[in-house]
Amino acid sequence: MTEETIFSKIIRQEIPTPLLYQDDLVTAFRDISPQAPCHILVIPNKLIATVNDVTEDDELTLGRMITVAKKLAKEEGISDDGYRLIMNCNDHGGQEVYHIHMHLVGGHKLGPMLKR
Ligand code: AMP
């Protein structure tokens, strides 16, 4: 069975994390340890542990995550300069929280995608 993470508590507002967006499918809030001037997490309300666990039934939710990220980027004023959307999977991907999430990062020039 997939175990809940702190993100489920944030979705249900059982811990007082300010939400930037929430609808029937997704929730967005600021990362607690920002890696850039703007660092937001967009997550599905449904617990999906890793990208490996995504199914065709989740396609609407995954699409919503991107449209919400786009909307928030605009609200944050970083759309025109640009930003990065990141999803980490499992150990080699550097995933720490096993409830999938899309990082929206921007607000300055981010540099190369990966360290060489
Ligand atoms: P990842 O390494 O892709 O699993 O990223 C997990 C992210 O969740 C990290 O950037 C953490 O800083 C962030 N994070 C963990 N706990 C919280 C929390 N309570 N509120 C907001 N962000 C969190």
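Look above for the structure.
Model, not experiment: these values are computed from the prediction. (Residues numbered from 1 in each chain as written. Predicted model: local features only at pLDDT ≥ 70, side-chain atom pairs only at ≥ 80, totals over all residues. Heavy atoms only, no water.)

> What am I meant to see in the nonpolar core here?
When a protein is soluble and globular, its nonpolar side chains tend to lie buried together. Core analysis: the biggest nonpolar cluster contains 17 residues, and Val26, Ile40, Val42, Met65, Leu72 and Leu104 have the highest contact counts within it. Residue assignment for this core shows that the elements contributing at least two residues are strand S2 (26–30), strand S3 (38–44), helix H2 (59–76) and strand S5 (102–106). Considering every element that reaches this core, the biggest residue donor is H2, with 6 residues. Judged by nonpolar contacts, the second largest core, of 6 residues, contains Phe7, Ile10, Ile11 and Ile43. (Core = buried A, V, L, I, M, F, W, Y, C linked by side-chain atoms within 4.5 Å. Buried < 20%, exposed > 50% of the residue type's maximum accessible area, 1.4 Å probe, protein only. Helix = DSSP H or I, 4+ residues; strand = E, 2+ residues; numbered from the N terminus.)

> How do you make sense of the pairing of S2 when you look at a structure like this?
Moving residue by residue along a regular strand, the side chains alternate between the two faces of the sheet. In terms of burial, S2 is a largely internal element, 4 of the 5 residues being buried. Strand direction decides the pairing type here: S2 and S3, joined by 5 bridges, are antiparallel. Counted as the bridge partner of phenylalanine 29 is leucine 41 from S3. (Pairing = 2+ DSSP bridges.)

> How should the side chain of histidine 103 be read in this particular structure?
Within the secondary structure, histidine 103 sits in strand S5. When its relative accessible area of 12% is taken as the criterion, histidine 103 is described as buried. Separated by 2.8 Å, the side chains of histidine 103 and histidine 39 make a polar contact. Residues within four places of histidine 103 in sequence aside, it is in contact with Asp31, His39, Ile40, Leu41, Arg84, Leu85, Ile86 and Asn88. (Polar contact = N/O pair within 3.5 Å; in protein donor to acceptor, adjacent residues only side chain to side chain. Contact = heavy atoms within 4.5 Å.)

> For this particular structure, what's the right way to read the environment of histidine 101?
Along the chain, the position of histidine 101 falls in the loop between helix H3 (90–93) and S5. Along the chain, histidine 101 and proline 37 lie 64 residues apart, while their C-alpha atoms are 18 Å from each other. Residues in contact with histidine 101, not counting those within four places in the same chain, are Phe7, Leu41, Val42, Ile43, Met65, Ile86 and Met87. At 2.7 Å, the side chain of histidine 101 and the backbone oxygen of histidine 99 are in polar contact.

> Hey, could you run me through the site of the ligand in this one?
Asp31, Asn88, Glu96, His101 and His103 are the nearest of the 16 residues found near the ligand. Contacts to the ligand include aspartate 31, whose side-chain N or O atom sits 2.5 Å from an oxygen atom. Here an oxygen atom of the ligand sits 2.9 Å away from a polar atom, N or O, in the side chain of asparagine 88. For the ligand, the accessible surface in isolation is 500 Å², of which the surrounding protein chains cover 86%. (Near = heavy atom within 4 Å. Areas by Shrake-Rupley, 256 points an atom, 1.4 Å probe, with all protein chains shown as cover.)

> What am I meant to see in the pairing of S5 here?
For S5, the buried fraction is high: 5 of the 5 residues fall into the buried class. Here S5 shows no split at all, with Met102, Leu104 and Gly106 on one side and His103 and Val105 on the other all buried. With 5 bridges joining them, S3 and S5 adopt antiparallel strand pairing. When the sheet's bridge partners are listed, histidine 39 is paired in S5 with valine 105.

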